[in-house]
Amino acid sequence: MKMKFCLSCSKELVGRSDKKFCDTECRSTYHNTNRPLHEISIQKINSALRKNRSLLAHFCPSGKSTVKKEVLIKQGYRIDLFTHMYPFKTGAYFFCYEFGYLPIKENGVDKMLIVHQQEYMNNLTYNPWSIKITK
Ligand SMILES: [Zn+2]
């Protein structure tokens, strides 16, 4: 019988002849180190968005709440990443999936007014070709 070796750690494999890895750990190590770069960056952004969503959900247990921006930043919230936005006349909500926030200022302190997405926010209220970024 032909000897087979783990594609990840090169240990000899015993058991089923179609085995390629010792265990699930070797399997995931192998796949993680052989993923194309773009997949890795997609994965990083996806996990950051997921983390953002979890933080918003954690700080907004009942539909609406206000939290200092610093508190979420310290927990690793990335304000540069969001899934979609809901602009209106005087501001814009930035969403990570079904949770979003409105950047507000109270007594000179940057805060996030966190909300759970409402039905009316599903409608596009802006034309992406006519947004002006001011700096
Ligand atoms: Zn192995």
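Residues numbered from 1 in each chain as written. Predicted model: local features only at pLDDT ≥ 70, side-chain atom pairs only at ≥ 80, totals over all residues. Heavy atoms only, no water.

In the nomenclature of an unreviewed UniProt entry, the protein corresponds to DUF2116 family Zn-ribbon domain-containing protein from the organism Cellulophaga fucicola.

Once that is clear, we can look at a positive patch on the surface. On the surface, a cluster of positive charge is made up of Lys 2, Lys 4, Lys 20 and Arg 27. Mapped onto the secondary structure, Lys 4 falls in strand 1 (residues 4-5). (Patch = residues over 30% accessible without salt bridge, like charges linked within 9 Å, V, L, I, M, F, W, Y side chains within 5 Å. Areas by Shrake-Rupley, 256 points an atom, 1.4 Å probe, with all protein chains shown as cover. Salt bridge = Lys/Arg side-chain N within 4 Å of Asp/Glu carboxyl O. Lys, Arg positive; Asp, Glu negative; His and termini not counted. Charge placed at Lys NZ, Arg CZ, Asp CG, Glu CD. Helix = DSSP H or I, 4+ residues; strand = E, 2+ residues; numbered from the N terminus.)

What follows covers the pairing of strand 5 (residues 91-96). Extensive coverage of strand 5 is indicated by the burial of five of its six residues. If you look at the hairpin formed by strand 4 (residues 84-88) and strand 5, you'll find two residues sitting between the two strands. Pairing geometry for strand 5 and strand 6 (residues 99-106), over three bridges, is antiparallel. Within strand 6, the residue paired with Cys 96 across the bridge is Phe 99. Linking strand 5 to strand 6, which pair antiparallel, is a turn of two residues; within it Tyr 97 sits at a positive phi near 60 degrees. (Buried < 20%, exposed > 50% of the residue type's maximum accessible area, 1.4 Å probe, protein only. Pairing = 2+ DSSP bridges.)

Moving on: the coordination of the zinc ion. Coordination of the zinc ion by the protein involves Cys 6 (SG), Cys 9 (SG), Cys 22 (SG) and Cys 26 (SG), with metal-donor separations of 2.3 Å. Coordination geometry of the zinc ion: the four donor atoms subtend angles of 98 to 117 degrees at the metal centre, consistent with an arrangement described as tetrahedral. For the zinc ion, all donor residues lie on one chain, and their spacing in sequence is C-x2-C-x12-C-x3-C. Highlighted residues: Cys 6 in the loop between strand 1 and strand 2 (12-13) and Cys 26 in helix 1 (residues 24-33), separated in sequence by 20 residues. The exposure class assigned to Cys 6 is buried, which follows from its relative accessible area of 3%. In this structure Cys 26 comes out as buried when scored by relative accessible area, which is 12%. (Donors = N, O, S within 2.8 Å, 3.2 Å for Na, K, Ca; no water. Tetrahedral: all angles 85-135°; square planar, octahedral: opposite > 155°, others 65-115°.)

The geometry of an aromatic ring pair is captured by the separation of the ring centres together with the interplanar angle, meaning the angle of the planes. Following the criterion strictly, the structure yields seven aromatic pairs and no others. Ring geometry for Phe 21 versus Tyr 30: centroids 5.2 Å apart, planes at 55 degrees, classification tilted. Here a set of aromatic residues connected by ring pairs shows up, and it is made of Tyr 77, Phe 82, Phe 94 and Tyr 101. (Phe/Tyr/Trp six-rings, centres within 6.5 Å; stacked < 30°, edge-to-face > 60°.)

Moving on, we come to the sheet that holds strand 3 (residues 64-68). In space, the five strands of this open sheet follow the order 3-7-6-5-4, with antiparallel pairing throughout. Each end of this open sheet is capped by a strand with a single partner; those strands are strand 3 and strand 4. Shown here is a sheet whose adjacent strand axes are inclined to one another by a mean of 30 degrees, direction ignored. Each of strand 3, strand 5, strand 6 and strand 7 (109-116) is contacted by helix 2 (residues 37-59), which is oriented at about 65 degrees to strand 6, the strand it contacts most. (Axes fitted to C-alpha atoms, helices over the stretch in contact; angles between N-to-C directions. Contact = heavy atoms within 4.5 Å.)

The next point concerns the pairing of strand 6. Where strand 6 meets strand 7, eight bridges bridge the pair, whose relative direction is antiparallel. For Ile 104, the partnering residue across the bridge sits in strand 7 and is Lys 111. The loop that links strand 6 with its antiparallel partner strand 7 comprises two residues; one of these, Asn 107, has a positive phi angle of about 50 degrees.

Its location among the elements puts Ile 79 in the loop between helix 3 (69-74) and strand 4. Using a relative accessible area of 40% as the deciding quantity, one classes Ile 79 as partly exposed. Contacts of Ile 79, omitting those with residues within four sequence positions, involve Ile 73 and Tyr 101.

Moving on to the side chain of Ser 65. Here Ser 65 is to be found in strand 3. Within polar-contact distance, the side chain of Ser 65 engages the backbone oxygen of Phe 59 at 2.5 Å. Apart from residues lying up to four places away in sequence, Ser 65 is in contact with Phe 59, Cys 60, Met 112, Leu 113 and Ile 114. (Polar contact = N/O pair within 3.5 Å; in protein donor to acceptor, adjacent residues only side chain to side chain.)

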